[in-house]
Amino acid sequence: MKRNCVFLDRDGVVNLKPPPSHYVRTWDEFRFQPGIIDWIRIFNMLDFLVIVVTNQRGVARGLIQPEDLAEIHSRMVAQIAADGGRVDDVFCCPHEEGACTCRKPRPGLVLMARARWNIDLAGSLLIGDSDTDCQLADR
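Residues numbered from 1 in each chain as written. Predicted model: local features only at pLDDT ≥ 70, side-chain atom pairs only at ≥ 80, totals over all residues. Heavy atoms only, no water.

Enquirer: Explanation requested: the pattern of salt bridges in the structure shown.
Expert: In a structure, side chains of opposite charge can pair up when their charged atoms sit close to one another. Per the stated rule, a full pass over the model turns up 12 salt bridges. Between Arg41 and Asp38 there is a salt bridge whose closest N-O contact spans 2.2 Å. Of the two residues, Arg41 and Asp38 both sit in helix H1 (residues 36-45), 3 residues apart, roughly one turn of that helix. Classification of Arg41 by relative accessible area gives partly exposed; the value is 28%. Glu97 is paired through a salt bridge with Arg57; the nearest N and O atoms lie 2.6 Å apart. (Salt bridge = Lys/Arg side-chain N within 4 Å of Asp/Glu carboxyl O. Helix = DSSP H or I, 4+ residues; strand = E, 2+ residues; numbered from the N terminus. Buried < 20%, exposed > 50% of the residue type's maximum accessible area, 1.4 Å probe, protein only.)

Below is the structure:
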């Protein structure tokens, strides 16, 4: 059976967005958006999968190590769970622009999630804060 999903951008939706050209490089720099965990719990109650899709080219630029990014995502998911919410998965593009098909606004992350979770894209939502998120939703 296909599932509905809410795809959430990370920086600017789940957590406070860093200034332009800056990156959240450690868990200590990560700050949840006010109210986001409440929204995640609402989507959980509505039986939506909750999946974070995020571009993180700081990895490609050597500004953050893949293991540090994995720790941020692991702790993010654990904190949301501790507060009564559930994030089902996190899909991340660590590549530089033009180097892959997964970097938003290209649909690679969403297509990977669809394949793994049997997602009904027509019954799903994408919540983002940028033009690339809007372009991805259109695709």
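Enquirer: Explain unusual backbone geometry here, please?
Expert: Here the residue pair Lys104 and Pro105 is connected by a cis peptide bond, since its omega of 20 degrees sits within 30 degrees of zero. As for its placement among the helices and strands, Pro105 is situated in the loop between strand S3 (89-93) and helix H3 (108-117). Located in the positive-phi region is Ser21, a residue other than glycine, with phi close to 70 degrees. Among the structural elements, Ser21 can be located in the loop between strand S1 (5-9) and H1. One non-glycine residue with positive phi stands out, namely Asp47, at about 65 degrees. Relative to the helices and strands, Asp47 resides in the loop between H1 and strand S2 (49-55).

Enquirer: Mind showing me how you'd approach the nonpolar core here?
Expert: One recurring pattern in soluble globular proteins is that nonpolar side chains are buried together. By size, the foremost hydrophobic cluster in this structure holds 21 residues, and its most contacted members are Leu8, Phe30, Ile40, Val50 and Met76. Those elements that place two or more of their residues in this core are S1, H1, S2 and helix H2 (66-82). Once residues lying within four places of it in the same chain are set aside, the contact partners of Val50 are Val6, Leu8, Ile40, Phe43, Asn44, Arg86, Val87, Asp88 and Asp89. Of all hydrophobic cores here, the second largest spans 14 residues; its members include Phe7, Ile51, Cys102 and Ile119. (Core = buried A, V, L, I, M, F, W, Y, C linked by side-chain atoms within 4.5 Å. Contact = heavy atoms within 4.5 Å.)

Enquirer: Explanation requested: a nonpolar patch on the surface in the structure shown.
Expert: On the surface, a nonpolar cluster with roughly 480 Å² of combined accessible area is contributed by Trp39, Ile42, Met45 and Leu46. The exposure class assigned to Ile42 is partly exposed, which follows from its relative accessible area of 36%. (Patch = residues over 30% accessible without salt bridge, like charges linked within 9 Å, V, L, I, M, F, W, Y side chains within 5 Å. Areas by Shrake-Rupley, 256 points an atom, 1.4 Å probe, with all protein chains shown as cover.)

Enquirer: Where do I start with the environment of Val77 in this structure?
Expert: Among the structural elements, Val77 can be located in helix H2. Its relative accessible area of 26% is what places Val77 among the partly exposed residues. Taking the C-alpha atoms as reference points, Val77 and Asp89, separated by 12 residues in sequence, lie 8.5 Å from one another. What Val77 contacts, discounting residues up to four positions off in sequence, is Val87 and Val90.

Enquirer: I tried to follow the environment of Glu29 on my own but got confused; where do I start?
Expert: Along the polypeptide, Glu29 turns up in the loop between S1 and H1. With 74 residues separating them along the chain, Glu29 and Arg103 place their C-alpha atoms 23 Å apart. Leave out the neighbours within four places in its chain, and Glu29 touches Tyr23 and Val24.

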